[in-house]
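Summary of the model geometry
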Amino acid sequence: MKYKTPFHVKDSVIYDANGEKAKLWGVNYYAPFNHNFYNIEELGKDHFAAIDEDIRHFKLMNIDFIRMHLYEREITDKDGNIVENQNMKVFDYLVEQCEKNGIYLMITPMVWWNTVKNQIIQDRYYAYWYIDSQDAFGFSNFYSCDGMLWNQDAIDCQKRYMEGLFSRKSRVSGKKLAEYSNVVVIELFNEPRHVAMWHIKEEPDPVKNMDHATYSMGKQRQKLIRLWEDFRNKHAKEKDEDNCFSLFRASILKNYFDNLFPIVDKYFGKNVIKAQISSYNGVPHQDLKEVIESSGVEAYTIGTYLNVNAFDAANTDTANHLEYAKKWFGIMEKGDYGKMAKISYEFDATATQNGYPLAAIAAMYAKNDVQMAAYFTYTPAAVAAWNPGWLVHFMSLEHTPSRAAGFAAAGEIFRSQNPGDKLTMEEEKWSGNDFSIERKNDFVYFKNDKIFRYSNSNEIELGDTSKFEIVSGRGTSKFASGSGNGFYHLEKQSESEWKLRIFPDQKYISAPERGKAYKIMSNRYVNCLREAAVSMLFEHELEFKLNSMRIIALNGKKVEDGRIKVRAGEYILTVEK
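How each quantity is defined
- Every chain's residues receive numbers from 1 upward, in the order its sequence appears when written.
- This being a predicted model, a pLDDT of at least 70 is required before a residue's local features are given, and a value of 80 or more before pairs of side-chain atoms are given or counted; all residues contribute to the totals for chains, interfaces and linings.
- Side-chain descriptors were evaluated using all non-hydrogen atoms of the structure, hydrogens and water having been removed beforehand.
- For the exposure calls, accessible area comes from a 1.4 Å probe over protein chains only, and a residue counts as buried if that area is under 20% of its type's maximum, exposed if over 50%, partly exposed in between.
- Here a helix means four or more residues in a row that DSSP labels H or I, a strand means two or more in a row labelled E, and each is numbered from the N terminus.
- The rule for pairing is simple: two strands pair if DSSP sees at least two bridges between them.
- Between N-to-C directions, angles cover 0 to 180 degrees, with each direction set by a line fitted to C-alpha atoms, over the stretch in contact for helices.
- Think of it this way: a Phe, Tyr or Trp ring, Trp meaning its six-membered ring, pairs with another when their centres are within 6.5 Å, and the plane angle makes it stacked under 30 degrees, edge-to-face over 60, tilted otherwise.

1. A few points about the pairing of strand β6 (residues 183–187)
Counting buried residues along β6, 5 of its 5 residues qualify, which places the element largely inside the surrounding structure. With 3 bridges joining them, strand β5 (residues 104–108) and β6 adopt parallel strand pairing. In the strand pairing of β6, L105 is matched with V183. Two strands pair when backbone bridges link them, and β6 and strand β7 (residues 273–277) are joined in this way by 3 bridges, in the parallel orientation. Within β7, the residue paired with I186 across the bridge is K274.

Laid out in structure tokens, this is it:
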């Protein structure tokens, strides 16, 4: 692994054990859970082989960070006890393979959100369904999202679950989670719902506002109201009701942290960074800031979504995402983050297959000293043709080649830039010393002495290419030309040899986001056996050549004119010295 663990935070900066400032670029990834797990299974594919293939792709894209919220509804019972099912075994395998391949992990034990497995099993049995019809029907099914923070029964379930999760031994390696050197961040809860005064005053209405469905209703809400009234009575000297409610919110969060962080400390000690979201847009809630900072949290987790119209149902390729990035980060830059480091738990520009918006986010993260960033969410190659799951979030090395190539270049921008470095921001183009991000033609490139990555055909002058070690992209450049539109990756093996990994042509056959409103589709089950695919790969011969040198042999066989014709795969190219 590039960095020596454990990581630590000093003066709001994340360092590794050798004192080197850490920069990790990656994705959220869910082969062990929810849509991705079920879709891989229904297609009769092997989860372990699927993970192996995706990790091979990650290494080509220089992804070294995975953030994953576990779906506790799928792996616990109603009391929070771990259920040792296939999801857990696949999770164990992923953790093991990530360590072996130098990929660092951020683990979020609680996500709360429902799963397609619940939908599928209940549809299957309908009137005959009961809790034990499923191998796991976890405790989060019984509580609202806000109730996970204040309902002591829910908190007790989470304590039981985290004890079980951290004390259990992997069915793949026999190791506990804390014994993995690549587990570097623990975030307790993905996107919690903090109690709000509107919620005290009115019953949530999910028909009017879908997000209201995450809040306590009926008897659970009445329990919350009584909790607030008891608190208000005990703090009668505080005459301002809004101030008193802020104290109430803070007391809830403090109790939550006091219950759960000791379990993290028990198993991980100081070997992980404790992180937690403060607010969705990244700006800390002022009334919660003191509680978070005094709890042992060392990093704020922030999310970034460049949405043209909320979570878009229609394609947004024509939007100028550079302008949306400026607006989003204009808000973030006003935030007071105090002593906290910053980690992006999720980011995307929704309902577009363009890669340049992700590079814009990367540049702004570097400018604002965000040190770890995870795109939401990478689609496993085994099911990517259907884009199942989160319909407006779609990235696959094979099935979104322009976006993936742009993402790989974005990672290099993210790693190489620092807060004080030059970033020129024009309406249609952003640029720095080693890169350019352009709306036109969805173009991103990064180039230094050793690395050249680009998203689409270009005429960039390369200068001396003799020190290049990694080149990746699509189409034509002054280094290489490929006849297809798929991703290619070149890695120097010696002065006379390069390893080529080339991917097939790709074509969209329907809109990946399917034109459906995201709010009602966000957890929708896409049956890959019944619904049409949205992307196709064409496994025909591709012509490839190097423009900066001459290929003289392919896998040891002589090449006459410097051009090769190959199908998607991996090859060794011998070049003239």
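2. Remarks on the sheet that holds strand β22 (residues 542–546)
If you trace the 3 strands from one edge of the open sheet to the other, you get β17-β22-β25, paired in antiparallel fashion. Edge positions in the open sheet fall to β17 (480–482) and β25 (563–566), since each of these has one partner strand only. Across this sheet, the average inter-strand angle for adjacent strands is 20°, counted without regard to direction. Bridging between β17 and β22 involves 3 bridges; their strand directions are antiparallel. Counterpart to A480 in the pairing with β22 is L546.

3. Some remarks on the pairing of strand β15 (residues 451–454)
Side chains I451 and R453 project from β15 onto one buried face, and the interleaved F452 and Y454 project onto a second face that is buried too. Sheet topology note: the strand β14 (residues 443–447)/β15 ladder contains 3 bridges and is antiparallel. Bridging from a neighbouring strand, F446 pairs with R453 of β15. Where β14 folds back on β15, the antiparallel hairpin that results is connected by 3 residues. With 3 bridges joining them, β15 and strand β16 (residues 470–473) adopt parallel strand pairing. For F452, the partnering residue across the bridge sits in β16 and is V471.

4. Observations regarding the packing of aromatic side chains
In total, this model carries 44 aromatic pairs according to the counting rule given. With a centroid separation of 5.4 Å and an interplanar angle of 50°, the aromatic rings of F231 and F248 are classed as tilted. Linking F231 in helix α9 (residues 218–234) with F248 in helix α10 (residues 241–268), this pair joins segments that are 17 residues apart in sequence. Here F231 matches F248 in class, with each residue buried.

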